[in-house]
Number of protein chains: 2
Amino acid sequence: MKIVAIAGGVGGAKLVDGLAQLLIPGDLTIIVNTADDFEHLGLYICPDVDTVCYTLAGLANPETGWGRLGETFQALENIRNLGGPDWFHLGDKDLATHLERTRRLQAGQLLSQVTRNFCQAWGVRHTVLPMSDQLVRTMVATDDFGELAFQEYFVHLNCKPKVNGFRFEGVDAARPAPGVLEAMQNADAIVFCPSNPWVSIDPILAIKGLRPAIALKTVVAVSPIIGGQTIKGPAAKMFTELGIQPSAVAVARHYGDLLSGYVLDIIDADLASEITIPCYITQTLMKNRDDRRHLAQDVLNFIQTLHSREN
Amino acid sequence: MKIVAIAGGVGGAKLVDGLAQLLIPGDLTIIVNTADDFEHLGLYICPDVDTVCYTLAGLANPETGWGRLGETFQALENIRNLGGPDWFHLGDKDLATHLERTRRLQAGQLLSQVTRNFCQAWGVRHTVLPMSDQLVRTMVATDDFGELAFQEYFVHLNCKPKVNGFRFEGVDAARPAPGVLEAMQNADAIVFCPSNPWVSIDPILAIKGLRPAIALKTVVAVSPIIGGQTIKGPAAKMFTELGIQPSAVAVARHYGDLLSGYVLDIIDADLASEITIPCYITQTLMKNRDDRRHLAQDVLNFIQTLHSREN
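Position numbers for residues start from 1 in each chain and track the written sequence from start to end. Chains and ligands are labelled by the order in which they are written, letters from A for the one and numbers from 1 for the other. Given that this is a predicted model, residues contribute local features only at a pLDDT of at least 70 and side-chain atom pairs are listed and counted only at 80 or more, while totals for whole chains, interfaces and linings are drawn from all residues.

Engineer: Please clarify how the nonpolar core should be interpreted in this entry.
Structural biologist: Soluble globular proteins: nonpolar side chains tend toward being buried together. One finds Ala5(A), Ile6(A), Val16(A), Ala5(B), Ile6(B) and Val16(B) to be the most contacted residues of the largest nonpolar core, which totals 203 residues. Residue pairs are scored as contacts if the distance between their C-beta atoms, which are placed from the backbone, is within 7 Å. Look past the residues within four positions of Ala5(B) in its chain and what remains in contact with it is Val16(B), Leu19(B), Leu28(B), Ile30(B), Val191(B) and Cys193(B). Any set of buried Ala, Val, Leu, Ile, Met, Phe, Trp, Tyr and Cys residues joined through C-beta atoms within 7 Å is what this text calls a nonpolar core. For every residue, the other C-beta atoms within 10 Å of its own C-beta are counted; 20 or more classify it as buried, 12 or fewer as exposed, and values in between as partly exposed. C-beta atoms are placed from the backbone.

Engineer: Can you help me understand the packing of helix 1 (residues 10-22) of chain A against helix 12 (residues 289-310) of chain A in this one?
Structural biologist: To characterise two packed helices, one gives the angle between the axes of the helices and the distance between these axes. Residue and element names in this part refer to chain A. Throughout, an axis means a line fitted to C-alpha atoms (over the contacting stretch in the case of helices), and angles, computed between N-to-C directions, take values from 0 to 180 degrees. A run of DSSP states H or I qualifies as a helix once it reaches four residues; a run of E qualifies as a strand once it reaches two. Both are numbered from the N-terminal end. Following both chains from N to C, one finds helix 1 and helix 12 inclined at 75°, their axes separated by 7 Å at the closest point. Put simply, helix 1 runs roughly perpendicular to helix 12. Contact residues: Lys 14, Leu 15, Asp 17, Gly 18, Leu 19, Gln 21 and Leu 22 in helix 1; Arg 289, Arg 292, Arg 293, Leu 295, Ala 296, Gln 297 and Leu 300 in helix 12. Note on residue classes: Ala, Val, Leu, Ile, Met, Phe, Trp, Tyr, Cys and Pro are nonpolar, Asp, Glu, Lys and Arg are charged, and everything else, Gly too, is polar. Here the residues of the contact of helix 1 with helix 12 sort into six nonpolar, three polar and five charged. Throughout, the term roughly parallel applies to angles under 35 degrees, roughly antiparallel to angles over 145, roughly perpendicular to angles from 65 to 115, and oblique to all others.

Engineer: What should I look at first to understand the sheet that holds strand 1 (residues 3-7) of chain B in this one?
Structural biologist: Neighbouring strands of a sheet are bound in pairs by backbone hydrogen bonds; such pairs are parallel or else antiparallel. Residues and elements named next belong to chain B. Spatially, seven strands are ordered 5-2-1-9-10-13-14 in an open sheet, and the strand pairing comes out parallel. Of all the strands in the sheet, just strand 5 (127-130) and strand 14 (279-282) have a single pairing partner and so form its edges. Sheet twist, expressed as the average angle between the axes of neighbouring strands with direction ignored, equals 20°. Against the sheet, helix 2 (residues 47-57) touches strand 1, strand 2 (28-32) and strand 5, its axis set at about 175° to strand 5. A pair of strands counts as paired when DSSP detects no fewer than two bridges linking them.

Engineer: Just checking my understanding: could you explain the interface of chain A and chain B for this structure?
Structural biologist: Many analyses report the size of an interface as the accessible area lost when the parts associate. On the chain B side, the residues contacting the 23 residues of chain A number 23 residues. For the side of chain A that touches chain B, the secondary-structure elements that each account for two or more residues are helix 3 (74-81), helix 4 (92-106) and helix 5 (111-122) of chain A. When residues of the side of chain A that touches chain B are assigned to their parent elements, the largest contribution, ten residues, is made by helix 4 of chain A. A breakdown of the residues in the side of chain A that touches chain B according to their chemical character gives nine nonpolar, ten polar and four charged.

Engineer: What exactly am I supposed to notice about helix 5 of chain A here?
Structural biologist: Structurally, the α-helix is built with 3.6 residues per turn, so residues lying three or four positions apart point the same way. Residues and elements named next belong to chain A. Here a helix's expected span is defined as the number of its residues, less one, multiplied by 1.5 Å. A rise of 1.5 Å per residue sets the reference length of helix 5, with its twelve residues, at 16 Å; its end C-alpha atoms lie 16 Å apart and thus fit the reference within 8%. When we look at burial in helix 5, the residues that qualify are Leu 111, Ser 112, Val 114, Thr 115, Arg 116, Phe 118 and Cys 119. In the core, the buried residues of helix 5 are packed alongside helix 2 (47-57), helix 4 and strand 5 (127-130). Backbone geometry just after helix 5 places Gly 123 at a positive phi near 80°.

Engineer: Can you walk me through the sheet that holds strand 13 (residues 261-265) of chain A in this structure?
Structural biologist: All names here are of chain A. Read across the open sheet, the seven strands follow the order 5-2-1-9-10-13-14; overall the sheet is parallel. Edge positions in the open sheet fall to strand 5 and strand 14 (279-282), since each of these has one partner strand only. Between one strand and the next, the sheet's axes are offset by a mean angle of 20°, whatever the strand orientation. Pairing of strand 10 (residues 218-222) with strand 13 involves three bridges; the strand directions are parallel. In the sheet register, Val 222 faces strand 13, and the bridge partner there is Val 263. Contacts from helix 1 reach strand 1 (3-7), strand 2 (28-32) and strand 10 within the one sheet, and its direction differs from that of strand 1 by about 160°.

Printed below as a string of structure tokens:
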């Protein structure tokens, strides 16, 4: 079974790792949000792509879910000593990624090429594609701070400002990265990982041509909201601030008729009755690599069930 | 006694450290070569300014004379793993300097401002001035590789190509950094540190207005060549390739009538007869901080002797 996974950072990367444990490299393509990408200290930083790649390569820090295993912070400490900006937690190993990526992009390589080469160097065998080679920037509209660049909101202001909307700057000019549409066409199903619907999945859906390509497929989403809360990140807070009660149901409604099936946590079992598409109830919290594989297996089983119903 | 020291990297920094041990901050200004500066991985790197500042701050690696004490190389190792350029030995702590300097320069600050701020952060109390805020690049003309950017010649090709000349790109448009001419005007004497005459001192002398300002002063040079050889770096090799027997005499002749007095090593005592200006013979090899201070004291004593002769 050929799967395309649509993912943001930490939560998405966990399910991606589960899928990668079960599927051969040719059968799994991961399309990753790049609307969180930003320039910092002159470096082009792709937080979600890096988190997915580090996770698949076994290089990720299992404590945080982002950043590198055995990371050191000598550069950051010395930037702080010089009075430089230290709000973004750049590790020394991680810096290498940003320095070399920036060098290659400035030399004219495309982000998708750079990502492919980095995956080869890191031993990532499954295909990781940035959603686009063109720059798209999530802008967060807030009540008190106006419109903020995503990392400014997310890391620097620690998600505190009250959100009233989102805008994906540059999305109209962005095209799917090479391989994205082909992977979707060849896919037996598309999986929306348990990532933030507003700022991880929506930017991908906003790229011209992707929503129609996805709509042709069996699509299963895994709820990033468990018991009304997120494991990490501001998705639940964003729903609340936008006037929507945060819940697994709210996420399913957000994706609307794109979904063929929906995976939600045992804790939320009673919510399944409010969802009008097939639901799969299981443990969705991924505390370790086994949990990731188990959830991925559940998702694949669910997809097979959906396919057998369709036939 | 107010002293201006003219310096390149490692050798120059050692004598500067000796002078700084003896002179109060207001009495020592160090003017540092910036024609070795280059861009690498998108970073603006100032090897000589950093070596002088790290040395004065007690942050330099005493084993190498350049780079940072207790340095790590996590970023460099990971750049190498990605197939990126690893020929320039960027440490993690050192990276912070380049990242934050690049950020500030791109935000419109001048190199002299950035250097002043970094010196404050590092606790460097003596004044360190880059020779110019404008970019000057030493280009090394070679027999077999044509004209090379300095770091390409110096680090990447390990000084192997045979040299036939030098050019200081941009020097005509460069002006002395703020404070450079004032420091020279106020100085009782100027010290040419034991740095490479061709690529560390000559670029400074080539900046418009500096040679005439220096010519008005008592100038003492310390030979970087001891027994026909250099402690570090390609100065002796360059003399040979340019058809000049490398020696303390050759260096004195190179500076010509700019010099009021010349300091050479005990090993070269018999060469003093070939030099037509007053010479001071002492141990010029600086193996530790005491050696640096002793040589600096010799230089200051020599300057006082020269002054008393003049009066």
